[in-house]
Each structure stands twice: as structure tokens, then as C-alpha cells.
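# Summary of structural features
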Amino acid sequence: MVNQAREETSWGRNPKGRHAVVIGGSLAGLLAAHVLAGHADRVTVVERDRLPDGPEPRPGVPQSRHAHVLLESGQLALDSLLPGFTAELRAAGAPRVGMPEDMVAWSGTWLRRTAPTSHIHTGSRAQVEQLVRRRVLANPVITTVESAEAVGLAGDASRVRGVLLRERGGTDGTADGASPRQPRTLAADLVVDASGRSSRASRWLAAIGAEPPQEETIDTGQAYASRIYRNTSSHLGTEALAYWFYPNPSQTYAGGVLPLEDGNHLVALAGLRGQEPPTDDAGLTAFAARLPHPFLHEWLLTAEPQTPAYGFRSTANLRRRYDRRGRRPAGFLATGDALCTFNPIYGQGMSVAAMSAVALRDALADPRRTPTTLRVQRALFDASRQAWDISAGADRAMPGAVGNAVASRAVDRPVGWYLDRVQQRYVGDPVLVGPVFRSVLTLTTPLTALFAPRVAQAVLFGPVAGTPSAPPMRAETTDG
């Protein structure tokens, strides 16, 4: 352990001669590479796809065609890592939606459209990733190996010393003369797994004699269908920018409309296991009629499809407990969806990826603590903890949820009762409970803020404010 600490201290403090490899060129991997470029002579990003030049979906990110939002926490994190990023995002046309004013939303009842207390960006995932990629890969310390698949780790149970790569397709030989189809070793002092929810690192660790992490899962079986449309009428009859129906245990259908950077709209519809939305024209439109109000269904009857409908079913909450002690090697970290992935309905993934990169930066730069693998991994775990508590807590209550983390503890019951009261009040309270709850959901305020004395008094003893009886097609702040 002493040797490990000494090696990792030099890694954290002295970049000379150090090489870091990041597996995965999506948002989490790119931002991790950006941070590591300040602690290494070389950073290599390994990506199984060919990275596109523009904002285009790619096979390695199957969820990129579906709805994404960048929460306020993600915006703050990205601006901290890449100064001026959100201004660049706005200049590229990403819509900025003020919450709750700019969205017609249903969450058991209609939310009041009062002055915004937070903002989200609703442009495409591909746009955010392309802007990050352009900024990050401009650093000469960072290089990419594309069309290469990580198939294992080099090293042993005490230390990872590289990654095994296999070239995907093509006929060109590799620099060391190995066959393009045979694995080759890319030596590294640090390997970061940012390969996503389908990470095979547990298998790789077992293969070098190390202990795989325990996994926690909660799966509602929720499935999505998404499609881009052009608005051909004013049928919605509102100046709102977005429309959303949130699910709950008694009303399990979800979906809505989000604006995109090109003036089109992305429609996403979702149902639980056995209620999956179809992807054919008539079926998708008919599915929208299951939502609590018909206005979205009626809008789809006149909107003009711009793309096919795409389905997505890998929506389980999955957390890999690398933060716990075990027989694991130094020099290996997991981040992004490879560490903790959430049901996409809650829109947390991109923001947590950015927050995790900030946590990595701060852990490596902390002058008070040696950046051992376990300590840094725990910092990454902590960056995703609140998002997990929100998504897993909500999905745990949904009918038909399965997984080894579904069971609630005795302590969860009074907390759940309290949070139910919070949700009853936030939809109609624009002054106290609403803004605090919204800041918790956008991951800018800790969950403990909901238990602050003034908030608790309103939750425990305050009345439930009235909410609109029909979709609020006009914002309260613009009613004059």
C-alpha cells in the first residue's frame, strides 16, 4: 500500500513521463481526458467508432437520438472545465428552457408556469458532444485511437499497466506490425473506463486476478421511442418552449416535446415493461393518446416527421461499487455510465458526466490528500450519488421494478413520506418549496436543502397550493 501511495502521489503531482488512457470518446471520456491532460505528458482516448466531424449520432452512443437535457449543474460544471462553454452552446442555437415558465408540464397535476428559477438546455446530445470534442481534442497532449475496441487490461491485481486493444475493421496494419485483428497492448500508467453502461471492466478485472465491483440495479423495464418533427401548425396554442408528462406509480406513461437547435422538435414517448411504445407511424402517434391529456396526440396528427422513430430499452439504473474496498489494482478508474448510469427519463447523464470530471480534477489537485485510486474513485462515486438517489428512489416506487436494489430500508419510509409531501407542494409553490425542490432535481443543491427549517415547516404544516385544472397554455408571468 505504501508503494501504491508513492506511485499515485507522483501521478497526481508530477506529470513527467506519465501516460493516461481513457476508454470511450463520449462526454464522460472526453472530459476525463481534458482533466488528465493537466497531470500527464500524454493522454490517449480510445474509441470504438470513427469520431464524426460534426454533431452527428454514432453507433457507439445508441441513446444519442433520444431526448437529452443539460441541467444547470452540468452547465456550471462545463463552464468550470471549459470556460465559456455554455455561451458557445447558446451561440450554436441550443434552446434554453426556463423552469417552470417555459414548459407545460404534468406531474400528477399541472405545474404552475411561474418565473423560472433554473434553466435547462434541450439541444441534441450530438451537439453538446461535438462542441466538447472540438475543445478537448484541440489540446496537443490528447490524441485519439479510433475504430479500436478495448478487450482487456494489461497488468495484474496490484496495478493496471495498460489496455488491450483490437482494431475494428479496415486492413491497415498497426504501428508495431501486429495484425489489425489481434489484440495489442497500449501501455499506460492510468486507465480510465468511460465506455458506458455496457462496460466489460468487471470481466477484465477478473481476468487479471482482481475483484470485480458489486453491482446495484433497479429496472422498471421502461422503454422509449423518439422521433424528430417539424411543427406545421400552432395547434398547441401556447408560447411554451417544451411540454412534458412525468410518470408516477399510478400513471406510468411519460413523454413530451423538446425544442432542438435547428428549429425542429424531438418527441419522446415512454412506457414501462409490457407498455413499450411502438416505432411505426400510426402506432407511435396512437401511443401518445395514453398520456394524461390529448394535446400532444393531436399535435402529432399535424406535425411533419423528419426522421424515423427510434426505440431504446436499456434504461435500468446500474451502479458499480468501485468505491468499496476490494482486491482491485491501482491505476484503474471508472467514470460516467461505466460507474453509474440512470434511467434517462430524469435527464441526468450529461450533467453527471461533467460533474464527475470536476470531481476528478479536484481530487487530483487536492494538496491535502494523496490521490490514491480508491480516494479518487470515491470522489467520482460521490459526484453521482445524488443523481442515483433521485432516479433510483423514484424508480423503486414504480410498479414492476426489479433488481437487487429495489428493496427499501426502514429508514426510507419516513423519508419517502416526507418527499411525497414535498412533491405535493412544489407544483403550486413558486416561492419556497418549488425553487428548492427544483434545484435539488437539477443537482445544484444537496438533498439536505429539502430539510432546512423553513422548507420543512412549509412541507409539514403549510397548505397544498392550488394548481391549474387544465394545461397552462400561457405563463403566469406574461398574463399581464
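To keep things clear, this report deals only with the structure shown in the data block.

Reading the values: the criteria
Residues numbered from 1 in each chain as written. Predicted model: local features only at pLDDT ≥ 70, side-chain atom pairs only at ≥ 80, totals over all residues. Heavy atoms only, no water. Helix = DSSP H or I, 4+ residues; strand = E, 2+ residues; numbered from the N terminus. Rg over C-alpha atoms; globule rule 2.2 N^0.38 Å. Buried < 20%, exposed > 50% of the residue type's maximum accessible area, 1.4 Å probe, protein only. Contact = heavy atoms within 4.5 Å. Areas by Shrake-Rupley, 256 points an atom, 1.4 Å probe, with all protein chains shown as cover. Lys, Arg positive; Asp, Glu negative; His and termini not counted. Charge placed at Lys NZ, Arg CZ, Asp CG, Glu CD. Expected span 1.5 Å × (residues − 1). Arc of directions from axis to C-beta. Core = buried A, V, L, I, M, F, W, Y, C linked by side-chain atoms within 4.5 Å. Axes fitted to C-alpha atoms, helices over the stretch in contact; angles between N-to-C directions. Parallel < 35°, antiparallel > 145°, perpendicular 65-115°, else oblique. Left-handed = near helix turned anticlockwise from the far one by under 90°. Nonpolar A, V, L, I, M, F, W, Y, C, P; charged D, E, K, R; others polar.

## Things to note about the overall build of the protein chain
When you go through the protein chain residue by residue, the secondary structure sums to 13 helices and 20 strands. The C-alpha radius of gyration computed for the protein chain amounts to 23 Å, which stays within 12% of the reference 23 Å derived for 480 residues, consistent with globular compactness. With the C-alpha coordinates aligned to their principal axes, the bounding extent of the protein chain is approximately 65 × 50 × 40 Å. Residues classed as buried in the protein chain amount to 55% of the 480 residues present. For the protein chain, the proportion of contacts with a sequence separation of at least 24, taken over those separated by at least 6, is 74%. Just so you have it, the protein chain exposes about 20000 Å², and 52% of that area is on carbon and sulfur atoms. Computed over 52 positive and 45 negative side-chain charges, the separation of the two mean positions in the protein chain equals 6 Å.

## So, helix α11 (residues 412–426)
Between its first and last C-alpha, α11 extends 20 Å over 15 residues, near the 21 Å set by a 1.5 Å rise per residue. Within α11, burial applies to Y418, R421, V422, R425 and Y426. Projected down its long axis, α11 carries its buried residues within an arc of 130°, all on one side. Against the buried residues of α11 lie α12 (433–441) and α13 (453–461).

## Topic: the nonpolar core
If you look at the biggest cluster of nonpolar residues, it comprises 109 residues, and the most contacted ones within it are L31, L36, V43, V132 and L360. Per element, the largest residue contribution to this core is nine residues, and it comes from helix α9 (residues 349–365). Discounting residues that sit within four places of it in the chain, V43 has contacts with H19, A20, V22, A33, L36, A37, V141, I142 and T143. Grouped together as the second largest cluster of nonpolar side chains are 23 residues, A240, F245, V257 and A309 included.

## What about the packing of helix α3 (residues 72–81) against α9?
Contact geometry of α3 with α9 gives a least axis separation of 8 Å together with a crossing angle of 40°. Relative to α9, the element α3 is oriented oblique. α3 and α9 meet at a crossing whose hand is left-handed. Residues S73, G74, A77, L78, S80 and L81 of α3 lie in contact with α9, whose contacting residues are S351, A354, M355, A357, V358 and R361. Split by residue class, the contact of α3 with α9 holds seven nonpolar, four polar and one charged.

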